Amino acid sequence: MEFISQELDDYVCAHSENESAILNELNRTTHLSVLQPRMLSGHFQGRVLSMLSHMIQPKNILEIGTYTGYSAICLAEGLQENGTLTTIDVNEELEDLAKEYIEKAGFKDKIKTMIGDATELIPQMDEEFDIVFIDADKPNYINYYHLVFDKVKKGGYIIADNVLWSGKVMLDSDPADSSTQVIKDYNSLIHNDPRVQEVLLPIRDGLMIARKR
Ligand SMILES: C[S@@+](CC[C@H](N)C(=O)[O-])C[C@H]1O[C@@H](n2cnc3c(N)ncnc32)[C@H](O)[C@@H]1O
């Protein structure tokens, strides 16, 4: 499901900051050489993530779901001078490409890639984060929220992608489709959690932003 018309989307992109040359190259390379390129955040959402990061001015960011590194680079653009972003992906085949572009974008010293299952790696981390970006396997969204919550600073943000799930969140549940049910449960959980202030932005496939009170 497209939430806005192609014409409006074109207008929005044409009046938002351009992708850098490196991000544009990564976008094209991902589409040419990697499976499921729709997973990449892309120009508009990438600019939104960069803008949010610049507004928050984070010292530490955790990203769950690196893929080819596009959103990690966008989020890293707003890091404080000595800030760092840690990004986790279970797919080791993507690591070389992600690292190549992280270096080309000038973030070699700021972005740390980790390979492994995020549900196993997060409990081993002892850092505190200003932003956590959840953009990995949907059935684990609620697990990720609980796993990161105590690692998010007071006033920090948990941002989750794909929370509209192509509009399937509005449909009755199909027991065979666990991702849709978990996303619906995730949105309800955040909406009813008094520990956070939340807003669901209908950007691309939906961004749920939760601010820890
Ligand atoms: C939607 S893509 C991430 C896109 C990326 N954030 C971007 O916007 O360019 C989801 C990624 O999550 C990774 N993933 C899936 N399950 C995971 C898990 N249990 N732990 C860590 N990464 C996982 C996949 O390998 C995939 O690369």
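Keep in mind the model is a prediction, meaning the values are calculated, not measured.

Quick one: what's the story with the pattern of salt bridges, residue by residue and with numbers?
With the rule as written, the count across this model stands at nine salt bridges. Its salt-bridge partner being Lys138, residue Asp135 comes within 3.8 Å of it at the nearest N-O pair. With a relative accessible area of 13%, Asp135 lands in the buried category. Asp161 is paired through a salt bridge with Arg204; the nearest N and O atoms lie 3.2 Å apart. Of this pair, Asp161 sits in strand E5 (residues 152-161) while Arg204 sits in the loop between strand E6 (196-201) and strand E7 (207-212), and the two are 43 residues apart along the sequence. The exposure class of Asp161 is buried, given its relative accessible area of 0%. What emerges from the salt-bridge pattern is a single network uniting Glu17, Arg47 and Glu77.

Break down the site of the ligand for me, with residues and values.
Close to the ligand lie 20 residues; Ser41, Gly65, Ser71, Asp89 and Asp135 are nearest. A distance of 2.8 Å is found between a nitrogen atom of the ligand and a side-chain nitrogen or oxygen belonging to Asp135. Within the side chain of Asp137, a nitrogen or oxygen atom sits 3.2 Å from a nitrogen atom of the ligand. Protein chains bury 90% of the 610 Å² of accessible surface belonging to the ligand in isolation. Of the residues assigned to the shell around the ligand, the class counts are nine nonpolar, six polar and five charged.

Hey, could you go over the packing of aromatic side chains for me, with residue numbers and the actual values?
Within the structure shown, the criterion is met by three aromatic pairs. With 5.6 Å between their ring centres and 75 degrees between their planes, Tyr141 and Tyr186 make a pair best called edge-to-face. Within this pair, whereas Tyr141 is found in helix H7 (residues 141-149), its partner Tyr186 is found in helix H8 (residues 178-191), the two being separated by 45 residues in sequence. Residues Tyr141 and Tyr186 agree in their burial class; the two are buried. By the ring-pair criterion, three or more aromatic residues cluster together here, those being Tyr141, Tyr145, Phe149 and Tyr186. Sitting over the face of the ring of Phe149, Arg195 holds its NZ or CZ atom 3.7 Å from the ring centroid.

Residues and numbers for the pairing of E7, please.
Here E7 lies mainly inside the structure; five of its six residues are buried. Bridge count for E5 against E7 is five bridges, and the pairing is antiparallel. Along E7, the bridge assignment pairs Ile159 with Ile209. Sheet topology note: the E6/E7 ladder contains six bridges and is antiparallel. Residue pairing for E7: Glu198 is matched across the bridge by Ala210. Joining the antiparallel neighbours E6 and E7 is a turn of five residues, in which Arg204 adopts a positive phi near 45 degrees.

Summarise the side chain of Ser41; cite the residues concerned and give the values.
Its location among the elements puts Ser41 in the loop between helix H2 (21-33) and helix H3 (42-56). Residue class for Ser41 comes out buried when judged on its relative accessible area of 5%. Once residues lying within four places of it in the same chain are set aside, the contact partners of Ser41 are Gly46, Leu49, Tyr70, Ser71, Asp135 and Arg204.

Reading guide: rules and limits
- Numbers given to residues run from 1 along each chain, matching the order in which its sequence is written.
- Residues qualify for local features only when their pLDDT is at least 70, as the model is predicted, and side-chain atom pairs are given and counted only at 80 or more; totals for whole chains, interfaces and linings, by contrast, use all residues.
- Here the side-chain values reflect all heavy atoms present in the structure, with hydrogen atoms and water set aside.
- We count a salt bridge whenever a side-chain nitrogen from Lys or Arg sits within 4 Å of a carboxyl oxygen from Asp or Glu.
- Type-normalised accessible area, obtained with a 1.4 Å probe on protein chains alone, sets the label of each residue: buried when under 20%, exposed when over 50%, and partly exposed for intermediate values.
- Numbering of helices and strands runs from the N terminus, with a helix taken as a DSSP run of H or I at least four residues long and a strand as a DSSP run of E at least two residues long.
- We call a residue near a molecule or strand whenever a single non-hydrogen atom of that residue lies within 4 Å of it.
- Two N or O atoms form a polar contact when they lie within 3.5 Å of each other; inside protein one atom must be a possible hydrogen donor and the other a possible acceptor, and for residues adjacent in sequence the pair counts only when both atoms belong to side chains.
- We get accessible surface area from the Shrake-Rupley algorithm with a probe of 1.4 Å; when it comes to residues, only the shown protein chains can shield them.
- In this classification, the charged set is Asp, Glu, Lys and Arg, the nonpolar set is Ala, Val, Leu, Ile, Met, Phe, Trp, Tyr, Cys and Pro, and all remaining amino acids, among them Gly, are polar.
- Centre distance within 6.5 Å is the pairing criterion for rings of Phe, Tyr and Trp, where only the six-membered ring of Trp is used; planes under 30 degrees apart are then read as stacked, over 60 as edge-to-face, and the remainder as tilted.
- Two conditions define a charge located above a ring, namely a distance within 6 Å from the ring centre to NZ of Lys or CZ of Arg, and an angle within 35 degrees of the ring normal.
- Whether two strands pair depends on DSSP finding at least two bridges between them.
- Contacts are assigned to residue pairs with any non-hydrogen atoms lying within 4.5 Å of each other.

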